[in-house]
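As a plain string of letters, each chain reads:
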2 protein chains.
Amino acid sequence: MARTPEKFRESGVDVRIRTQVEEIDAKSARVRLSDGSELAFDILALGTGAIAIRPDISGTGLPGVFALKRLEEALAIKQYVGNEACRKAVIVGAGFIAMEMCEALRARGIETTVVHRGLLPVGRWDPDFGKLIATELEKNGVAFLTNVETRAIEKGADYPLRVVTNRGDLDADLVLLAVGVRPDTALAKAAGVPLGKSGAIAVDFSQKTGREGIYAVGDCCESYHLVSRRWVHVPLGDIANKQGRVAGANIGGKAMIFPGIVGAQSFKVFGLEVAAAGIDDREAAAAGYHPASAVIWGNAIAPSMPGSKKVGIRLVADRASGRLLGAQALGETGAVSRVNALACAPWAGLGIDEIGYLDLAYAPPFSPAWDPIHIAAQTLRRKM
Amino acid sequence: MARTPEKFRESGVDVRIRTQVEEIDAKSARVRLSDGSELAFDILALGTGAIAIRPDISGTGLPGVFALKRLEEALAIKQYVGNEACRKAVIVGAGFIAMEMCEALRARGIETTVVHRGLLPVGRWDPDFGKLIATELEKNGVAFLTNVETRAIEKGADYPLRVVTNRGDLDADLVLLAVGVRPDTALAKAAGVPLGKSGAIAVDFSQKTGREGIYAVGDCCESYHLVSRRWVHVPLGDIANKQGRVAGANIGGKAMIFPGIVGAQSFKVFGLEVAAAGIDDREAAAAGYHPASAVIWGNAIAPSMPGSKKVGIRLVADRASGRLLGAQALGETGAVSRVNALACAPWAGLGIDEIGYLDLAYAPPFSPAWDPIHIAAQTLRRKM
């Protein structure tokens, strides 16, 4: 149930929409607004979010070229797709937002091409899984072009836009720039609020920044990663929600901490569930762990049941301690639930031996007696 | 891929089917077989399983009266249902096997009645959930009769069988006795193998019994419960599989332990998923915890997505330590996956505050940003 600014005002909360904060003066504890007025504060909470990165090429400001981070951008895309006879879309980038938009655009019957500077989509996931995602795109009529350097976006002839690349030009009614986001820290930086190593605003477990009286929450700030034990920038909506509530509680006088994240994430692309939690081999090695990993394919539900599907599980563990460090999963079904079943495990420091014999709620309509999680852990154990 | 006794013999393993062990002589380390011969052993592994309990009434041996624990019983039911013009079935008992059989019998078009001595099915689950399961039975044409005392099974007139109860007689072609199982410990007891408090064979973490050289695995023995920290009897197939492998490893010279269970369990009844892990309020109190609990209804997937369904979550935590002790879930979808997402939590001693902010793999097709798990934990926290 959305509340209007009027509703907030009735509760004594002054909500100002379409109002830009131009500057924060941390010393005098005042913010200067776009209308020239100032507001004094005892407590300031920064929720400036993240900004979609625009690649450094010409033409990204042309009509029909969009990014997708903020609600306004989503509404603008929806309107554009609805009003114009939008036939062809080109997506620059192959992260999870690009994947979700492939499905959304194809559902509208729009011819969709992904241009990617690398070889496989969604770099967080194992190449074995990346290949299957690329196949899923092609199966659903998405052209997935690899090793492409996008050089410019121009006005076109037959189509309103032309994407110029090192491998030829592509016509488009719509171009979506999906090459990642960066934390919006301009205001914070100017006010002397310290940033972390990731480039996002540094916070503590109460969501306080390094400046007295200033909190930060959401995509503009860091989170503590319970596996790498580092402060990282993971701009995802569920984390933002949690941090907002923790900051609110502390501001309101109720002691509360945000315990941190395990890097759990998922997306759907056409018929595939894709999920991950924890860290991958490279991140593990960077944190000083000794990673070993294994990928297995198991049955999402008991193979005796009708409609059984395969699900792939990839686990990473530390050779030295035996601890589970990360999990990835992909399949038509049962992938997200497997990653979630392991979401508490790195938090709890569970070892790969324990994961291999984890007590899960088995019944044939929901899993085999030996769940793919067990098989993955036992396979990895034998490699260690 | 099932292996025949011949195949085993080729690998040097002497498998004897249709052979009963009549007696174990632990002192001389020999077993006496039904054909009168004896076998000496260095190591003996007991996997005698559990036996379906037959209520102490007359007529349980009549043709058409079945229990369902062993494969042979399942095959006999299948044959009976296939060969006879089986129109009416009466199930005595309302546990999860009864629930699964309701669905199986209705799928064959058989008129099915459950007679239950209590008020609600599956006593492990909260009455709120029990009521919904009873409604699901009725919605699918199963008559669910409560407060019924089954007094006898007799030969009938219009139908082969008649179930005599304190609330009238019921005609039946088939009667299924589903009033629970007990561990089959006769051989073990006679051989002086110690039983645990639960009545099942006592084992240690290596699956060794109290008798040198004798192991036990599966439904005949106990498991260590990681939440109640007691040895319990939980006769479920996935646990049996794990214990078998642990015993096998130890017997084969590879040190291995079975780390224990959290009591995770699930079943499907028509359109409902039902799952639980951990302990309920009564078990918690019996173990000296100070239980508090809450039930909430949340969205299994983001409410903005088509086909969103409600899922109920019930959590139990300890007032003193804040620790999560148990979880139950029920819904058309997303119930088993929620319980599995919490399967590591009691193991790890996670608190209700941490569960309220658990990092799960959120995406709208799979969950709301605030998962029902979070909402349940936060609701329970406020009650504590």
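Here's a quick rundown of the structure. Since this is a predicted model, take the numbers as computed values, not measurements.

1. Comments concerning the relation of the copies chain A and chain B
- In the superposition of chain A on chain B (RMSD 0.0 Å, axial shift 0.0 Å), the rotation amounts to 180°. In the structure described here, the two chain copies are related by an operation that fits a two-fold rotation axis. Rotation axis and chain A: the residue whose C-alpha lies nearest the axis is Ala341 of chain A, separated from it by 2.0 Å.
- Of the residues that chain A buries at the interface, 100% are likewise interface residues in chain B, meaning the two copies contact each other through the same surface.

2. Observations concerning empty space enclosed by the protein
Residue and element names in this part refer to chain A.
- The final tally for this structure, using the stated rule, is seven cavities of 30 Å³ or more.
- Its volume calculated, the largest cavity comes out at about 60 Å³.
- Around the largest cavity, the lining residues are Arg124, Ala276, Ala277, Gly278, Ile279, Asp280, Glu283, Arg314, Val316, Gly326, Ala327 and Gln328.
- Among the secondary structure elements, those contributing two or more residues to the lining of the largest cavity are strand S19 (272-278), strand S21 (310-318) and strand S22 (324-331).
- Here the residues of the lining of the largest cavity are counted per class, giving five nonpolar, three polar and four charged.

3. Notes on helix H4 (residues 127-139) of chain A
All names here are of chain A.
- Here H4 contains 13 residues, and its C-alpha end-to-end distance of 18 Å stays within 8% of the 18 Å for a straight helix at 1.5 Å per residue.
- Here H4 has its buried residues at Phe129, Gly130, Ile133, Ala134, Glu136 and Leu137. Looking straight down H4, one finds that the buried residues subtend no more than 160° of arc, so they occupy a single side.

4. Considerations on the pattern of salt bridges
- Inspection of every chain in the model, using the stated rule, returns 38 salt bridges over all chains.
- The salt bridge partner of Lys139 of chain A is Glu136 of chain A, with a shortest N-O separation of 3.3 Å. With Lys139 of chain A and Glu136 of chain A both in helix H4 and three residues apart, the pair spans about one turn of that helix.
- For Lys139 of chain A, a relative accessible area of 65% corresponds to the exposed category.
- The buried category is assigned to Glu136 of chain A, whose relative accessible area is 8%.
- Among the ionic pairs, Asp14 of chain B bridges to Arg16 of chain B, the shortest N-O distance being 3.1 Å.
- Assessed through its relative accessible area of 39%, Arg16 of chain B is described here as partly exposed.
- Salt bridges sharing common partners tie together Glu6, Arg9, Asp14 and Arg16 of chain A.

5. Some thoughts on the sheet that holds strand S18 (residues 265-269) of chain A
Residue and element names in this part refer to chain A.
- One open sheet accounts for five strands, arranged S18-S19-S22-S21-S20; its pairing is antiparallel. Each having just a single partner strand, S18 and strand S20 (291-299) make up the two edges of the open sheet. With direction set aside, neighbouring strand axes in the sheet form an average angle of 10°.
- Sheet analysis places S18 next to S19, joined by five bridges and oriented antiparallel. For Ser266, the partnering residue across the bridge sits in S19 and is Ala275.
- Where helix H11 (residues 372-383) meets the sheet, its contacts fall on S20 and S21, and the angle it forms with S20 comes to roughly 145°.

Here is what the cut-offs are and how they apply
- Residues numbered from 1 in each chain as written.
- Chains lettered and ligands numbered in written order.
- Predicted model: local features only at pLDDT ≥ 70, side-chain atom pairs only at ≥ 80, totals over all residues.
- Heavy atoms only, no water.
- Least-squares fit on C-alpha atoms with pLDDT ≥ 70 in both.
- Contact = heavy atoms within 4.5 Å.
- 1 Å grid on protein atoms, 1.4 Å probe; cavity = no way out; pocket = protein on both sides within 12 Å on 5 of 7 lines; lining within 4 Å.
- Points joined across faces, edges and corners; volume = space filled by probe spheres on them.
- Helix = DSSP H or I, 4+ residues; strand = E, 2+ residues; numbered from the N terminus.
- Nonpolar A, V, L, I, M, F, W, Y, C, P; charged D, E, K, R; others polar.
- Expected span 1.5 Å × (residues − 1).
- Buried < 20%, exposed > 50% of the residue type's maximum accessible area, 1.4 Å probe, protein only.
- Arc of directions from axis to C-beta.
- Salt bridge = Lys/Arg side-chain N within 4 Å of Asp/Glu carboxyl O.
- Pairing = 2+ DSSP bridges.
- Axes fitted to C-alpha atoms, helices over the stretch in contact; angles between N-to-C directions.

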